[in-house]
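# Commentary on secondary and tertiary structure
This is what each chain is made of:
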Amino acid sequence: MTRLAVSVMAALTAATALHVQDSRAEDRQFRAVLEGAQEVPALSTDGSGSFRARISPNGDAIYYELAYAALEGTVTQAHIHIGQKSVNGGIAVFLCTNLGNGPAGTQSCPAPPARITGVITAANVIGPAAQGVAAGELDEVIRALREGIAYANVHSTLWPGGEIRSQLGHDHD
């Protein structure tokens, strides 16, 4: 091979690697707006919220921020669930709870308006086993996020099944 051919091949290889790295970076950021209309079944509430998440570059953690306001009931808990749009799914990760039903170390849900942050690791994943996700399988939760089959919701005393919700999608802005 000539030096020119080797240089061209090296440049193409580097460009391809850079493109793969950039597309993976896009798959690491997620955000959503939570509202009652996205609950199943949809409901009318003044409650609203937002969820942002960023997957670490090596995929061993998800950094998140959950905010909510104007809920009509007292906040009881918040989770990430595995489930496609318009379907209720099992809990994968507790974000907060006031019911004492989360894994050890789960933070309490503050009264609205509130903003909580945290880090999800494999130790925080509880399932849902009935949907093929075993405890500790963070990679399955990350795959669900990337495939759009995960949602975040906030539950309240008035709406125990969830007062506000949103499918989690990519943030490519």
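Definitions and limits used
- Residues numbered from 1 in each chain as written.
- Predicted model: local features only at pLDDT ≥ 70, side-chain atom pairs only at ≥ 80, totals over all residues.
- Heavy atoms only, no water.
- Salt bridge = Lys/Arg side-chain N within 4 Å of Asp/Glu carboxyl O.
- Helix = DSSP H or I, 4+ residues; strand = E, 2+ residues; numbered from the N terminus.
- Buried < 20%, exposed > 50% of the residue type's maximum accessible area, 1.4 Å probe, protein only.
- Phe/Tyr/Trp six-rings, centres within 6.5 Å; stacked < 30°, edge-to-face > 60°.
- Lys NZ or Arg CZ within 6 Å of the ring centre and 35° of its normal.
- 1 Å grid on protein atoms, 1.4 Å probe; cavity = no way out; pocket = protein on both sides within 12 Å on 5 of 7 lines; lining within 4 Å.
- Points joined across faces, edges and corners; volume = space filled by probe spheres on them.
- Nonpolar A, V, L, I, M, F, W, Y, C, P; charged D, E, K, R; others polar.
- Polar contact = N/O pair within 3.5 Å; in protein donor to acceptor, adjacent residues only side chain to side chain.

The name given to the chain in an unreviewed UniProt entry is CHRD domain-containing protein, with Lysobacter stagni as the source organism.

## Things to note about the pattern of salt bridges
One pass over the full model with this rule turns up 2 salt bridges. R115 is the salt-bridge partner of E65, the closest N and O atoms lying 3.0 Å from each other. Of this pair, E65 sits in strand β3 (residues 62-69) while R115 sits in strand β6 (residues 114-120), and the two are 50 residues apart along the sequence. Exposure remark for E65: the relative accessible area of 24% places this residue in the partly exposed category. With relative accessibility at 54%, the residue R115 sits in the exposed group. The salt bridge partner of R143 is E140, with a shortest N-O separation of 2.6 Å. Linking R143 with E140, this pair stays in helix α2 (residues 138-147), spanning 3 residues, or about one helical turn. R143 sits in the partly exposed class, given a relative accessible area of 40%.

## Re the packing of aromatic side chains
Counting across every chain of the model gives 1 aromatic pair. Taking 6.1 Å as the distance between ring centres and 15° as the angle between the ring planes, the aromatic pair formed by F51 and Y64 counts as stacked. Here the residue F51 occupies a position in strand β2 (residues 48-55), and Y64 occupies one in strand β3, the gap between them amounting to 13 residues. The exposure classification of F51 matches that of Y64, with both residues buried. When the ring centre of Y151 is taken as origin, the NZ or CZ atom of R165, which lies over that ring, is 3.4 Å away.

## Things to note about the layout of surface pockets
As a volume, the largest pocket reaches approximately 170 Å³. If you go around the largest pocket, you meet 14 residues; those closest to its centre are F94, G105, T106, Q107 and N124. Among the secondary structure elements, those contributing two or more residues to the lining of the largest pocket are β5 (91-97) and β6. Each residue belonging to the lining of the largest pocket can be placed in one class, and the counts come to 9 nonpolar, 5 polar and no charged.

## Some remarks on the side chain of H79
Along the chain, H79 falls in strand β4 (residues 75-82). Residue classification places H79 among the buried positions, given a relative accessible area of 1%. There is a polar contact of 3.4 Å between the side chain of H79 and the side chain of H81.

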